[in-house]
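# Architecture and fold: a report
If you want the building blocks of each chain, they are given just below.
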Amino acid sequence: MENRKIPAHIGIIMDGNGRWAKQRNLPRSEGHKAGAKVFKQICDYAGEIGIKCITFYAFSTENWRRPPEEVQALMDLFREYMGEAQERQEENLQKGMRMHFIGHREGIPDDLNELFDTTEEESKDADKYDVNIAINYGGRLEILDGFKKIAADVKDGKINPEDITEQMISDHLYTAGEPDPDLIIRPSGEYRLSNFLIWQSAYSEFWFSDILWPDFTPADLDKAIDDFNNRNRRFGGV
Ligand code: IPE
Ligand code: IPE
Ligand code: MG
């Protein structure tokens with residue numbers, strides 16, 4: 001589409017890895033590996049087409065309910081990706097990728113948290129686009145974490161309860177300072193948010209598809225953005 005508007009922030013729920021593997025009689029972990037490749041490809045492509053902020057949902061606070069072998073395989077995959085990201089640090093910086101790991105840090109293995117911190121620190125001056133990776137992320141826990149900080153400020157007398165604003169709540173979320181997602185993409189044929197960006201998505205446009213995440217291509221991202229361009233966003237107005 002010519003002259004299309006690129007959403008300021010896109011959220012992607014990377015779902016369907018398990019079913020993709022099942023279709024091929026492969027273990028679920030192979031689906032996650034294939035999904036990780038697609039993540040890298042889409043992440044690069046997002047920068048190429050001028051997206052300023054993109055959030056990938058990689059592991060939810062509810063995903064700990066999975067069998068320990070699967071959780072382990074996912075953590076190993078995150079480690080592998082982080083190792084590669086370290087090696088490609090120069091390249092990623094050139095691409096202008098500022099990395100941000102959003103989620104509840106407690107519960108994530110220490111070595112992974114350290115890799116998250118180093119990568120965030122090393123990419124902090126990149127200025128083309130923000131890439132958020134949501135790991136141990138849950139929208140409700142994010143709001144709860146923010147609430148606890150606000151409550152502490154009330155207790156310490158720094159603010160009065162009646163002074164709490166919506167903006168203040170947004171500023172206490174992991175996505176503080178970033179625009180709310182204009183577009184949320186969920187492949188895999190599920191029609192739900194699964195606790196993803198629940199505060200921030202109040203006025204997001206949603207794009208659902210039956211494609212399984214490992215089959216998702218840059219052309220699908222383009223299709224979602226084109227469809228987004230045909231939406232009429234009213235924000236409650238007329
Ligand atoms: C998404 O794929 C990856 C994570 C949630 C970590 P799934 O593993 O949920 O794949 P399906 O939904 O079982 O196909
Ligand atoms: C959502 O997918 C979480 C991620 C993609 C990381 P799930 O597969 O966990 O979602 P449900 O369980 O189908 O709602
Ligand atoms: Mg799933």
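These lines cover the structure that appears in this document, whether it is placed above or below. (Residues numbered from 1 in each chain as written. Chains lettered and ligands numbered in written order. Predicted model: local features only at pLDDT ≥ 70, side-chain atom pairs only at ≥ 80, totals over all residues. Heavy atoms only, no water.)

Among the 13 residues in the neighbourhood of ligand 1, the closest are listed as D15, G18, R19, R28 and R66. One of the side-chain N or O atoms of R19 is found 2.7 Å from an oxygen atom in ligand 1. Bound to the protein, ligand 1 loses 87% of the 380 Å² it would expose on its own. Counting atoms within 2 Å of the grid points, the majority share of ligand 1 lands in the largest pocket. Secondary structure elements with two or more residues in the shell around ligand 1: α1 (17-23), α2 (28-48) and α3 (68-87). Looking at the shell around ligand 1 element by element, the count peaks at 3 residues for α1. Grouping the amino acids of the shell around ligand 1 by side-chain chemistry returns 3 nonpolar, 5 polar and 5 charged. (Near = heavy atom within 4 Å. Polar contact = N/O pair within 3.5 Å; in protein donor to acceptor, adjacent residues only side chain to side chain. Areas by Shrake-Rupley, 256 points an atom, 1.4 Å probe, with all protein chains shown as cover. 1 Å grid on protein atoms, 1.4 Å probe; cavity = no way out; pocket = protein on both sides within 12 Å on 5 of 7 lines; lining within 4 Å. Sits in = over half its atoms within 2 Å of the grid points. Helix = DSSP H or I, 4+ residues; strand = E, 2+ residues; numbered from the N terminus. Nonpolar A, V, L, I, M, F, W, Y, C, P; charged D, E, K, R; others polar.)

Before going further, it helps to examine the sheet that holds strand β2 (residues 53-60). Strand order across the open sheet formed by 6 strands is β3-β4-β2-β1-β5-β6, with parallel pairing between neighbours. A single partner strand is all that each edge strand has here, and the edge strands are β3 (97-102) and β6 (205-208). When strand polarity is set aside, the average angle formed by the axes of neighbouring strands in this sheet is 20 degrees. Bridging between strand β5 (residues 183-186) and β6 involves 4 bridges; their strand directions are parallel. Bridge assignment links L183 to a residue of β6, and that residue is E205. (Pairing = 2+ DSSP bridges. Axes fitted to C-alpha atoms, helices over the stretch in contact; angles between N-to-C directions.)

Every residue near ligand 2 is listed here: I13, M14, D15, Y57, A58, F59, N63, R66, R186, R192 and S194. At 3.2 Å from an oxygen atom of ligand 2 is found a side-chain nitrogen or oxygen belonging to R66. R186 is positioned such that a nitrogen or oxygen atom in its side chain is 3.3 Å from an oxygen atom of ligand 2. Surface burial for ligand 2 is 79%, taken as the share of its 390 Å² of free accessible area covered by protein chains. Judged by the proximity of its atoms to the pocket grid, ligand 2 belongs to the largest pocket. No other element matches β2, which puts 3 residues into the shell around ligand 2.

This next bit is on the environment of H172. With respect to the element layout, H172 can be found in the loop between α7 (166-171) and β5. Separated by 24 residues in sequence, H172 and K148 place their C-alpha atoms 9.5 Å apart. The contacts of H172, once residues within four sequence positions are left out, are G146, K149, I150 and D153. At a separation of 2.7 Å, a polar atom in the side chain of H172 contacts the main-chain carbonyl oxygen of M168. (Contact = heavy atoms within 4.5 Å.)

Now for the packing of aromatic side chains. What the rule picks out here adds up to 13 aromatic pairs. Geometrically, the ring pair formed by F39 and Y81 is edge-to-face, given 5.2 Å between the ring centres and 75 degrees between the ring planes. Residue F39 is located in helix α2, and its partner Y81 is located in helix α3; the two are separated by 42 residues in the primary sequence. Per residue, the accessibility class of F39 equals that of Y81, and both read buried. Ring geometry for F206 and F208: centres 6.1 Å apart, planes at 10 degrees, overall stacked. Joined through ring pairs, the aromatic side chains of Y57, Y137, Y174 and F196 make up one cluster. (Phe/Tyr/Trp six-rings, centres within 6.5 Å; stacked < 30°, edge-to-face > 60°. Buried < 20%, exposed > 50% of the residue type's maximum accessible area, 1.4 Å probe, protein only.)

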